[in-house]
Amino acid sequence: METIVDEPQWLRTASWVGCPLAGAALGWFLQSISGWVASLSWVPFKGPFQLVSDMPRPWGMVTGIGVGLALGLFFAAVWAHERLIVKVTPTRITLTTKGRSRAYEARLEAVFFDGKELVLLAADGRELVRQKGDVDRKAVAKAFLDHGYPWQDEPPAVK
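So, how was this worked out
- Residue indices begin from 1 for each chain and proceed along its sequence in written order.
- The predicted origin of the model limits local features to residues at a pLDDT of at least 70 and limits the giving and counting of side-chain atom pairs to 80 or more, whereas totals for whole chains, interfaces and linings rest on all residues.
- Side-chain metrics rest on all non-hydrogen atoms present in the structure, leaving aside hydrogens and water.
- Runs of E in the DSSP output that reach at least two residues are strands. Runs of H or I that reach at least four are helices, and both are numbered from the N terminus.
- A helix is expected to span 1.5 Å for every residue after the first.
- Bend at a given residue is defined as the angle between two axes, one fitted to the seven residues that end at that position and one fitted to the seven that begin there.
- Here's how the labels work: a residue is buried when its accessible area is under 20% of the maximum for its type, exposed when over 50%, partly exposed in between, all with a 1.4 Å probe on protein chains only.
- Whether two residues are in contact is decided by their heavy atoms: any pair within 4.5 Å suffices.
- In this description, strands pair whenever DSSP reports at least two bridges between them.
- What makes a patch is a set of residues exposed beyond 30% relative accessible area and free of salt bridges, joined within 9 Å when like-charged and within 5 Å when nonpolar (Val, Leu, Ile, Met, Phe, Trp, Tyr).
- Values of accessible area rely on a 1.4 Å probe in the Shrake-Rupley scheme; residue burial ignores everything except the protein chains shown.
- Salt bridges are defined as contacts in which a side-chain nitrogen from Lys or Arg sits within 4 Å of a carboxyl oxygen from Asp or Glu.

The name given to the protein chain in an unreviewed UniProt entry is YqeB PH domain-containing protein, with Amycolatopsis lurida NRRL 2430 as the source organism.

See the structure below:
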């Protein structure tokens, strides 16, 4: 039996839909105000705004939306690549992030969160891993407790 803790499916779907849509909306908005921004005397780097505002319609709008959409897709891909997936079994813990999976089978003294970092301490007290990730803390704690690991709600006191 294994327990996998990952972002909820709705959030993964929302990131792949929402980020590109937000990027497209931002691209449309920036293209819409580019002429006004270029007319302001105090704005540095007017060149890109002037270039966008000088583009013939509808190509300026299409370009703004397209660039925003592409940046939104890029952001969603980075988000997916950076997310932490925790897989727990009675004998093994596997952490996956940035396209890499690492498995740990050592006896553990403690498992806890230190800020946003998941920490595994070996039975001899050394730190096996400290992995940053935005995962559901309660779900991670339950996964470790359900499989008999020494979960701690707070980092242990330094010896």
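Engineer: What's the story with helix α1 (residues 9–39) in this structure? I'm lost.
Structural biologist: Over its 31 residues, α1 extends 45 Å from the first C-alpha to the last, a length consistent with the 45 Å expected when each residue adds 1.5 Å. The sharpest bend along α1 comes to roughly 50 degrees, located at isoleucine 33. When we look at burial in α1, the residues that qualify are Arg12, Ser15, Cys19, Pro20, Gly23, Ala24, Gly27, Gln31, Ser34, Val37 and Ala38. Those residues of α1 that are buried lie in contact with α2 (46–54) and α3 (59–82).

Engineer: Quick question: what am I supposed to make of the environment of lysine 116 here?
Structural biologist: Structurally, lysine 116 is set in the loop between β5 (108–114) and β6 (117–122). Not counting chain neighbours up to four residues away, the residues in contact with lysine 116 comprise Gln131, Lys132, Gly133, Asp134 and Arg137.

Engineer: Help me out: how do you make sense of the pairing of strand β3 (residues 93–97) in this one?
Structural biologist: Within a regular strand, the side chains alternate between the two sheet faces. For β3, a buried count of 4 out of 5 residues is recorded, marking the element as mostly surrounded by other parts of the structure. In terms of strand pairing, strand β2 (residues 85–88) meets β3 through 4 bridges, oriented antiparallel. Paired with valine 88 across the two strands is isoleucine 93, which belongs to β3. Following β2, the chain reverses through 4 residues before pairing antiparallel with β3. Taking the residues that link successive antiparallel strands as the turn, the β3-strand β4 (residues 100–104) hairpin has 2 residues, and the phi of lysine 98 there is positive, at about 55 degrees.

Engineer: Can you walk me through the environment of alanine 80 in this structure?
Structural biologist: Tracing the chain through its elements places alanine 80 in helix α3. The class for alanine 80 is partly exposed, based on a relative accessible area of 26%. Residues alanine 80 and tyrosine 104, spaced 24 residues apart in sequence, show a C-alpha to C-alpha distance of 23 Å.

Engineer: In this structure, what is going on with a nonpolar patch on the surface? I would like to understand it.
Structural biologist: Among the surface-exposed residues, Leu26, Trp28, Phe29, Leu30 and Ile65 lie close enough to one another that they form a single nonpolar patch of about 460 Å² accessible area. Along the polypeptide, isoleucine 65 turns up in helix α3.

Engineer: Looking at this structure, I do not really get the pairing of β6. What am I missing?
Structural biologist: Across the 6 residues that make up β6, a large majority, 5, are buried. Here β5 pairs with β6 via 6 bridges, running antiparallel. Bridge pairing in β6 places phenylalanine 113 opposite leucine 118. What sits between the antiparallel neighbours β5 and β6 is a turn of 2 residues, in which glycine 115 has the positive phi angle 70 degrees. Direction of pairing for β6 relative to strand β7 (residues 127–132): antiparallel, over a ladder of 5 bridges. If you follow valine 119 over to β7, its bridge partner there is arginine 130.

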